[in-house]
Amino acid sequence: MIRPITYAGYLALDDLLACQHPLSDQHDEMLFVIIHQTKELWLKQILHELALAQLLVRAGDLVPAYKSMARISRIQAVMTQSWDILATLTPADYLRFRGVLGTSSGFQSDQFRRVEAMLGLKDARFLAHHEDRPEAHAALKAAIEAPSLYDDALHQLARAGFDLPPEVLERDISAPYEPHPAVEAAWLAVYREPERYWPLYQLAEKLVDIDDALLTWRHKHVVTVERIIGRKTGTGGTDGVGYLTETLKRRCFPELWSLRTRL
């Protein structure tokens, strides 16, 4: 006899709800665990959407790619709002269980680093944090060594007839992307004639939506961390708020920001 599919069975709720294992007897640690586990689930979905978006953009199917990209920016908005829930954790609440975290830190999230790499923020130094997890290490390494979503977008610019030099189109894709004046000039031409280049124009705006949402998430992260621990060193050994503040300078798609000054 075939068992009917139930809500709990379909969602594997027994497994999912058994994944929370606070290490202290402090009430507020459960919130800390669930907030971070939820973020990892959303990151998994973002990776799922990014993979599809890249396949579509790479194939030149720009319009269908907009849906996944729009979904990513909306997921990012939900993730940003979750910092407000974590901010209900007062400094005194957090200090009661901070010690049990040891050296663990969100800094070590392999999924977040994969998202960054797929958007073009490549940094092989983060691989060292995942040597104890071979599958996570391999997935992050693959993301660093593969073309990013921005690489795919730049190839679409070239396909549309824009003159991008070999140092852009044939660069070492495992290295951090460096802005190039020819790329800015190409995007500037798209923005000056949006009706002529509508699919590329909309692609660019969807990319900016994602970059904007990532920066908003980072900013709210900085504010929440400072509200809870001030300027203390992070559990992972980083400079805490100082390190997080530096990340606000990063842009996944730099020319899509710089061209606006020239419009």
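Bear in mind that the values here come from a model prediction, so they are computed numbers and not experimental data. (Residues numbered from 1 in each chain as written. Predicted model: local features only at pLDDT ≥ 70, side-chain atom pairs only at ≥ 80, totals over all residues. Heavy atoms only, no water.)

When helices and strands are tallied, the chain shows 13 helices and 0 strands. Going from N to C terminus, the chain has its helices and strands arranged as α-α-α-α-α-α-α-α-α-α-α-α-α. Projected onto the principal axes, the alpha-carbon positions of the chain cover approximately 60 × 60 × 35 Å. For the chain, the proportion of its 263 residues judged to be buried stands at 45%. Counted over contacts in the chain with a minimum sequence separation of 6, partners at least 24 positions apart contribute 73%. Total accessible area on the chain is roughly 14300 Å²; 57% of this is exposed by carbon and sulfur atoms. For the chain, the separation between the mean place of its 30 positive charges and that of its 35 negative charges on side chains is 3 Å. (Helix = DSSP H or I, 4+ residues; strand = E, 2+ residues; numbered from the N terminus. Buried < 20%, exposed > 50% of the residue type's maximum accessible area, 1.4 Å probe, protein only. Contact = heavy atoms within 4.5 Å. Areas by Shrake-Rupley, 256 points an atom, 1.4 Å probe, with all protein chains shown as cover. Lys, Arg positive; Asp, Glu negative; His and termini not counted. Charge placed at Lys NZ, Arg CZ, Asp CG, Glu CD.)

Tallied over the entire structure, the rule returns 10 aromatic pairs. Ring geometry for Tyr150 versus Phe253: centroids 5.2 Å apart, planes at 55°, classification tilted. With Tyr150 in helix α8 (residues 149–159) and Phe253 in the loop between α12 (241–247) and α13 (254–262), the pair connects residues that are 103 residues apart, well separated along the chain. We note that Tyr150, like Phe253, is buried. Between the aromatic rings of Trp198 and Tyr201, the centroid separation amounts to 5.5 Å while the plane-to-plane angle is 40°, which identifies the pairing as tilted. Separated by 3 residues within a single helix, Trp198 and Tyr201 lie in helix α11 (residues 198–229), roughly one turn from each other. Looking at Trp198, the relative accessible area reads 45%, which means it is partly exposed. Connected via pairs of aromatic rings, a cluster forms that spans Phe32, Tyr94 and Phe97. Taking the ring centre of Tyr66 as reference, the NZ or CZ of Lys206 above it sits at 5.4 Å. (Phe/Tyr/Trp six-rings, centres within 6.5 Å; stacked < 30°, edge-to-face > 60°. Lys NZ or Arg CZ within 6 Å of the ring centre and 35° of its normal.)

So, about the nonpolar core. If you look at the biggest cluster of nonpolar residues, it comprises 69 residues, and the most contacted ones within it are Tyr150, Trp187 and Leu256. A total of 13 residues in this core trace back to one element, the largest contributor, which is α11. Residues in contact with Leu256, not counting those within four places in the same chain, are Tyr150, Trp187, Tyr191, Ala204, Leu207 and Val208. (Core = buried A, V, L, I, M, F, W, Y, C linked by side-chain atoms within 4.5 Å.)

On to the packing of helix α3 (residues 29–58) against α8. The N-to-C vectors of α3 and α8 enclose an angle of 15°; their axes lie 9 Å apart at closest approach. Considering their axes alone, α3 and α8 lie roughly parallel with respect to each other. The handedness of the crossing between α3 and α8 is left-handed. Every residue of α8 that contacts α3 at Leu50, Ala53, Gln54, Val57 and Arg58 is listed here: Leu149, Asp152, Ala153, Gln156 and Arg159. Among the residues forming the contact of α3 with α8, the class breakdown is 5 nonpolar, 2 polar and 3 charged. (Axes fitted to C-alpha atoms, helices over the stretch in contact; angles between N-to-C directions. Parallel < 35°, antiparallel > 145°, perpendicular 65-115°, else oblique. Left-handed = near helix turned anticlockwise from the far one by under 90°. Nonpolar A, V, L, I, M, F, W, Y, C, P; charged D, E, K, R; others polar.)

Attention now goes to a nonpolar patch on the surface. Together, Ile5, Tyr7, Tyr10 and Leu11 make up an exposed nonpolar region whose accessible area comes to about 560 Å². Taking the relative accessible area as the measure of exposure, Leu11 reaches 38% and is therefore partly exposed. (Patch = residues over 30% accessible without salt bridge, like charges linked within 9 Å, V, L, I, M, F, W, Y side chains within 5 Å. Salt bridge = Lys/Arg side-chain N within 4 Å of Asp/Glu carboxyl O.)

Relative to the helices and strands, Arg231 resides in the loop between α11 and α12. For Arg231 and Val241, which are 10 residues apart along the polypeptide, the C-alpha to C-alpha distance reads 5.9 Å. The residues contacting Arg231, other than those within four sequence positions of it, are Glu226, Val241 and Gly242.

With respect to the helices and strands, the residue Tyr191 is situated in helix α10 (residues 181–192). Taking the C-alpha atoms as reference points, Tyr191 and Val222, separated by 31 residues in sequence, lie 32 Å from one another. At a separation of 2.5 Å, a polar atom in the side chain of Tyr191 contacts the side chain of Glu205. (Polar contact = N/O pair within 3.5 Å; in protein donor to acceptor, adjacent residues only side chain to side chain.)

The analysis is restricted to geometry; functional conclusions fall outside its scope.
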